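Residue-level structural notes
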Amino acid sequence: MLAVAGVVFLGAVAMLVVGWVRRDRPGLPFFGENEKLNTGLVVLFGMAIPIVILVALFVVSDLVLLNETDAPAASSTAMTITVIGHQWFWQVRYEGEDAETANEVHIPVRTPINLVVRSADVIHSFWVPELNRKIDTIPGQANSIELYAERAGVYRGQCSEFCGLQHAHMAFRVYAEPRPRFEAWLANIRKPAREPTTPLARQGQRAFMRDGCAACHTIAGTEAEGTIGPNLTHLATRQTLAADTIPNTPEDLFRWIQNPQSIKPGVKMPGLGLGPERFHAIVAYLMGLK
Ligand code: CUA
């Protein structure tokens, strides 16, 4: 696609340059003012050649490449992962596994995954450039694509359809792992949240449930069943916060929940104004959710 577009682009630029160099002279180079010939050239370069090139590119891209990068056939699919775009994070569900996470997708390496994308609000676009083409998340519709990693590693993804103020901070990660490591990760994600083990973390859990957090977030196994924000059941196992905007450290988590708007202006999470002590306790609780 790039090579063909490059040739067409250079040809058009070359003609522009010739036109500019000969701007004071009438007619075409070599052909002079023969009107029939001039019309013929316009038909050739303006219509015939573009039609041939566009039809050829359509056949290659839509009929061949799109088929090859589509979601795998149902029989060959090891698993289905549903990713739901929200302003501005990614909800990630492992179908049939009762496992949910956010912004960090783990997949087994060398396994074709049927990735289904949906939207909770506006159009987003799920894109991991190293793994496949983009796929739009469209309200009221499910789209699917294959997600396949040949080599283990961390692949960065990015929302690639403008979706509001924090579109740029709607990134995510795909961790492609050897099968046993992936299975161990999934087994942990399936479990309900760990109970707090220190007095500070217990205090944080109480604050989380009472002071507003639970209205928007789910922590499996607790009374927190909100669905507006990301699922936090195993938050401490994630490397990043706020859709790959900041690292997931106690300091950054504190900054994030204390004043979300300072990190992602426009984000739907409010700063609850609970005071530093209660925020520290909540951080202690969340950091125990391994
Ligand atoms: Cu979501 Cu851009």
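1. Topic: the sheet that holds strand β10 (residues 171-177)
- Spatial strand order, β4-β10-β9: 3 strands in an open sheet with mixed pairing. At either margin of the open sheet sits one strand with a lone partner, and together these are β4 (104-108) and β9 (153-158). The average angle at which neighbouring strand axes cross in this sheet is 25°, direction not considered.
- Bridging between β9 and β10 involves 6 bridges; their strand directions are antiparallel. Following the sheet pairing, G157 is matched in β10 by F172.
- On the sheet, helix α3 (residues 179-190) packs against β4 and β10 and is oriented at approximately 135° with respect to β4.

2. Things to note about the domain arrangement of the protein chain
- Each domain of the protein chain was delimited in the assignment, giving domain 1 (2-69), domain 2 (78-189) and domain 3 (199-286).
- Distance from the C-alpha centre of domain 2 to the C-alpha centre of domain 3: 22 Å.
- In this assembly, 21 residues from domain 2 lie in contact with 20 residues from domain 3.
- For the pair domain 2 and domain 3, the two sides together bury roughly 1700 Å², of which 50% comes from carbon and sulfur.
- Its largest share of buried area at the contact with domain 3, domain 2 owes to W88, E104 and H169, together 25% of the area lost on that side.
- Here domain 2 is connected to domain 3 by 2 salt bridges.
- Across the salt bridge formed by R173 and D244, the nearest N and O atoms sit 3.4 Å from each other.
- No other element matches the 4 residues that β10 contributes to the side of domain 2 that touches domain 3.
- Taken together, the residues of the side of domain 2 that touches domain 3 break down into 9 nonpolar, 7 polar and 5 charged.

3. Some points on the nonpolar core
- Ranked by size, the top nonpolar core spans 32 residues in total, and within it I81, V83, Y94, I107, L115, F126 and V174 carry the most contacts.
- When contributions to this core are tallied by element, the ones reaching two or more residues are β1 (79-86), β2 (89-94), β4, β5 (113-119), β8 (143-147), β10 and α3.
- Of all the elements, α3 adds the most residues to this core, at 4 residues.
- When sequence neighbours within four positions are dropped, the list of residues in contact with V83 reads W90, Q91, V92, L115, V116, V117, R118 and F126.
- Residues A193, A214, L241 and L286 belong to the second largest nonpolar core, which totals 27 residues.

4. Here's the deal with the sheet that holds β1
- The strand order β3-β2-β1-β5-β8 describes an open sheet built from 5 strands, whose pairing is mixed. Strand pairing shows two members of the sheet lacking a second neighbour, β3 (99-102) and β8, which therefore form its edges. Taken pair by pair, the neighbouring strands of this sheet meet at an average axis angle of 25°, ignoring direction.
- Here β5 runs beside β8; their pairing, made up of 5 bridges, is antiparallel. Across the sheet, I113 pairs through a bridge with L147, a residue of β8.
- Contacts between α3 and the sheet are confined to β1, β2 and β3, with β3 contributing the most and set at about 95° to the helix.

5. Observations concerning the packing of helix α4 (residues 199-210) against helix α7 (residues 276-287)
- The interhelical angle for the contact between α4 and α7, taken along N-to-C directions, is 105°, at an axis separation of 7 Å. The angle between α4 and α7 places the two elements in the roughly perpendicular class. From α4, L200, A201, Q203, G204, Q205, A207, F208 and M209 reach across to α7, where they touch R278, H280, A281, I282, A284, Y285 and L286.
- Across the contact of α4 with α7, the residue classes break down as 10 nonpolar, 4 polar and 1 charged.

Definitions and cut-offs
Residues numbered from 1 in each chain as written. Predicted model: local features only at pLDDT ≥ 70, side-chain atom pairs only at ≥ 80, totals over all residues. Heavy atoms only, no water. Pairing = 2+ DSSP bridges. Helix = DSSP H or I, 4+ residues; strand = E, 2+ residues; numbered from the N terminus. Axes fitted to C-alpha atoms, helices over the stretch in contact; angles between N-to-C directions. Contact = heavy atoms within 4.5 Å. Domains from an automatic or database assignment. Buried area = accessible area lost by both parts, 1.4 Å probe. Salt bridge = Lys/Arg side-chain N within 4 Å of Asp/Glu carboxyl O. Nonpolar A, V, L, I, M, F, W, Y, C, P; charged D, E, K, R; others polar. Core = buried A, V, L, I, M, F, W, Y, C linked by side-chain atoms within 4.5 Å. Buried < 20%, exposed > 50% of the residue type's maximum accessible area, 1.4 Å probe, protein only. Parallel < 35°, antiparallel > 145°, perpendicular 65-115°, else oblique.

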